[in-house]
Amino acid sequence: MVSRGLGAAGDSFGGYRARLAETLRVAGIRDLAVLRAVAETPRHLFVPEAVRHRAYEDVALPIGAGQTISRPFTQARYLEALRLTGREKVLEVGTGSGYQTALLAALAGQVFSVERVRALAESAQHALKAAAVPNVSILVGDGTLGWSAYAPYQAIVVAAGGPEVPPPLVEQLAPGGRMLIPLERGGAQTLTLVERTAGELRHTPLGDARFVPLVGEHGFDA
Ligand code: SAH
């Protein structure tokens, strides 16, 4: 229920969120479900107090532990490329602040998210609860190993840049599934779409990217 000028999230930031969604639309995001998810997800709950006043600007922000929450435009592009229908089981590697997790939860059926830094996983869990996002489970661990208990996933999102596509993630991707991963070569990152069809994997480069390093068994050394 919406009352007294409060937005869908029940707070007074609805106008800022609507403006952020409009900024993304003007910048080229066309997927209405993605724009709606941005307009309804309280990003201010996912950023540290010190940068909260900038929560609805289209900028990356520090979230602690040397990590950053990506620019909303980048996240929206990412989500658009996944072409979610609302029913998928999604694996996310790199929960970070939990903001993208919340967007995924609005666009898919269920989200399983793995984060290696315990403190980030805990504050993300807290923010997701505050934002009343019900369909998310978080695991503290190395996401390059995936989360086999709930596999296969119709979509996999890797929010950190690695040297290769981790083999366990390929195994856990459902036939017909889509995976997005920034791949690093010679210091430059390319956002890559990996599609699993009958017997093969198709890699499609989607453009330059700049994500924090993917650290783990099938990533970079810590
Ligand atoms: N999309 C996030 C930002 C993610 S930043 C947001 O909306 O806030 C990338 C995250 O990946 C960081 O939190 C980092 O700790 C995490 N990470 C890096 N390597 C990882 C791994 N192997 N497994 C799980 N998480 C990892």
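See the structure above.
What comes next concerns the included structure. Quick caveat: nothing in here was measured; it's all calculated off a predicted structure.

Some details on helix α4 (residues 99-107)
Phase 1 of the analysis: Burial analysis of α4 places eight of its nine residues in the buried class, the great majority of the element.
Phase 2 of the analysis: Among all positions of α4, only Tyr-99, Gln-100, Thr-101, Ala-102, Leu-103, Leu-104, Ala-105 and Leu-107 are buried.

Some points on the packing of aromatic side chains
Phase 1 of the analysis: Under the criterion given, the structure shown has nine aromatic pairs.
Phase 2 of the analysis: Here Phe-13 and Tyr-16 contribute two aromatic rings whose centre-to-centre distance is 6.2 Å and whose plane-to-plane angle is 50°, an arrangement assigned as tilted.
Phase 3 of the analysis: Its relative accessible area of 46% is what places Tyr-16 among the partly exposed residues.
Phase 4 of the analysis: Between Arg-43 and the ring centre of Tyr-99, over which it is positioned, the NZ or CZ distance is 5.4 Å.
Phase 5 of the analysis: Across the ring face of Tyr-153, the terminal group of Lys-89 is positioned such that the distance to the ring centre comes to 5.9 Å.

Remarks on the site of the ligand
Phase 1 of the analysis: The environment of the ligand is formed by 26 residues, the closest being Gln-75, Ser-97, Glu-115, Gly-143 and Val-215.
Phase 2 of the analysis: Contact distances for the ligand include 2.8 Å between an oxygen atom and a side-chain N or O atom of Gln-75.
Phase 3 of the analysis: One of the backbone nitrogen or oxygen atoms of Gly-143 is found 2.7 Å away from a nitrogen atom of the ligand.
Phase 4 of the analysis: With the chains in place, 99% of the 580 Å² that the ligand exposes on its own is no longer accessible.
Phase 5 of the analysis: It is strand β2 (residues 67-69) that contributes the most residues to the shell around the ligand, three residues altogether.
Phase 6 of the analysis: Looking at side-chain class alone, the shell around the ligand contains 12 nonpolar, 11 polar and three charged residues.

Cut-offs and rules
- Residues numbered from 1 in each chain as written.
- Predicted model: local features only at pLDDT ≥ 70, side-chain atom pairs only at ≥ 80, totals over all residues.
- Heavy atoms only, no water.
- Buried < 20%, exposed > 50% of the residue type's maximum accessible area, 1.4 Å probe, protein only.
- Helix = DSSP H or I, 4+ residues; strand = E, 2+ residues; numbered from the N terminus.
- Phe/Tyr/Trp six-rings, centres within 6.5 Å; stacked < 30°, edge-to-face > 60°.
- Lys NZ or Arg CZ within 6 Å of the ring centre and 35° of its normal.
- Near = heavy atom within 4 Å.
- Polar contact = N/O pair within 3.5 Å; in protein donor to acceptor, adjacent residues only side chain to side chain.
- Areas by Shrake-Rupley, 256 points an atom, 1.4 Å probe, with all protein chains shown as cover.
- Nonpolar A, V, L, I, M, F, W, Y, C, P; charged D, E, K, R; others polar.

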